Amino acid sequence: MQSCIVKKASNMDFVSRSNVSDDAEIVAINLPMWLTKPFMKKALKDEKDEDARAMAEIVKKLKKFRMLTLSNNDKTKNARILDDYHKFLKKNKFEELFVINTDGQEISLNARIDKNNVIQRVSLLVHDNEDESVFMDIKGKFSLDELIAGLNKMKSKDKKLASKL
């Protein structure tokens, strides 16, 4: 159970303590998939829902999930963390899948893809121009096609939900 702990310190290699202000708030979560998968599979277990089945197929292949939220950090130190994050991606041979910049927010999805086009690791960044950042690190083995299909399913679910509101 130690690996499923919520900490107030960074769980990401690219965030050093010297780049975090004293009054900054950090929440770091490590979720071992052996503990999480049964709950996720049960939530996605709807034989009639094609979207749920597609997401369940991706969930089966996940091995590790880490998330870090950082808020109220000094803007200069935040810029250093973002710079270190991009260096981390380059050093670890991540490929940029997409970046969306809108309304002062940046959403970046990067993946480490092997020579057989199998994704081994995904890194997601959601950052705004203020002082909020969310970093996610997901390990597993799935194809680019599976990832795209899962993202498209999530997007179509969001559209369906928005039309009901």
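As shown above, the structure is provided for reference.
Residues numbered from 1 in each chain as written. Predicted model: local features only at pLDDT ≥ 70, side-chain atom pairs only at ≥ 80, totals over all residues. Heavy atoms only, no water.

### Comments concerning the overall build of the protein
Stage number 1. Per the secondary structure count, the protein includes four helices and seven strands.
Stage number 2. When the helices and strands of the protein are listed from N to C terminus, the series reads β-β-α-α-β-α-β-β-β-β-α.
Stage number 3. For the protein, the residues scored as buried account for 36% of the 165 residues in total.
Stage number 4. Total accessible area computed for the protein in this model is approximately 10500 Å², and 55% of it derives from carbon and sulfur atoms. (Helix = DSSP H or I, 4+ residues; strand = E, 2+ residues; numbered from the N terminus. Buried < 20%, exposed > 50% of the residue type's maximum accessible area, 1.4 Å probe, protein only. Areas by Shrake-Rupley, 256 points an atom, 1.4 Å probe, with all protein chains shown as cover.)

### Looking at empty space enclosed by the protein
Stage number 1. Applying the stated criterion to the full structure yields one cavity of 30 Å³ or more.
Stage number 2. When its volume is computed, the largest cavity comes out at roughly 50 Å³.
Stage number 3. As for the largest cavity, its lining consists of Met 12, Asp 13, Phe 14, Arg 66, Tyr 85, Phe 88, Arg 121, Ser 123, Phe 135, Met 136 and Asp 137.
Stage number 4. Listed by contribution, the elements that provide at least two residues to the lining of the largest cavity are helix H3 (75-91), strand S6 (118-128) and strand S7 (133-143).
Stage number 5. Top element by residues in the lining of the largest cavity is S7. It accounts for three residues.
Stage number 6. Residues of the lining of the largest cavity, tallied by class, amount to six nonpolar, one polar and four charged. (1 Å grid on protein atoms, 1.4 Å probe; cavity = no way out; pocket = protein on both sides within 12 Å on 5 of 7 lines; lining within 4 Å. Points joined across faces, edges and corners; volume = space filled by probe spheres on them. Nonpolar A, V, L, I, M, F, W, Y, C, P; charged D, E, K, R; others polar.)

### A word on the packing of aromatic side chains
Stage number 1. Under the criterion given, the structure shown has five aromatic pairs.
Stage number 2. Seen in terms of ring centroids, Phe 14 and Phe 88 are 5.3 Å apart; in terms of plane orientation they differ by 50°. Their pairing is tilted. With Phe 14 in the loop between strand S1 (6-7) and strand S2 (25-32) and Phe 88 in helix H3, the pair connects residues that are 74 residues apart, well separated along the chain. Across the pair, Phe 88 and Phe 14 agree in class, each one buried. (Phe/Tyr/Trp six-rings, centres within 6.5 Å; stacked < 30°, edge-to-face > 60°.)

### With respect to H3
Because the α-helix completes a turn every 3.6 residues, residues three or four places apart line up on one side.
Stage number 1. With 17 residues, H3 ought to run about 24 Å at 1.5 Å a step, and its terminal C-alpha atoms sit 24 Å apart, in line with that.
Stage number 2. As for H3, its buried residues are in contact with strand S3 (62-71), strand S5 (105-113), S6 and S7.
Stage number 3. Of the residues trailing H3, Lys 93 is marked for its positive phi of about 60°. (Expected span 1.5 Å × (residues − 1). Contact = heavy atoms within 4.5 Å.)

### Description of the pattern of salt bridges
Stage number 1. By the definition in use, this model includes three salt bridges.
Stage number 2. Note that Lys 87 is salt-bridged to Asp 83, the shortest N-O span being 3.3 Å. With Lys 87 and Asp 83 both in helix H3, this residue pair falls four residues apart, about one helical turn.
Stage number 3. When its relative accessible area of 40% is taken as the criterion, Asp 83 is described as partly exposed.
Stage number 4. For Arg 121, the salt bridge is made with Asp 137, and the minimal N-O distance between the two is 2.8 Å. With Arg 121 in strand S6 and Asp 137 in strand S7, this pair connects stretches of sequence that are 16 residues apart.
Stage number 5. A relative accessible area of 4% means that Asp 137 is categorised as buried.
Stage number 6. Among the charged side chains, a salt-bridge network with shared partners connects Arg 66, Arg 121 and Asp 137. (Salt bridge = Lys/Arg side-chain N within 4 Å of Asp/Glu carboxyl O.)

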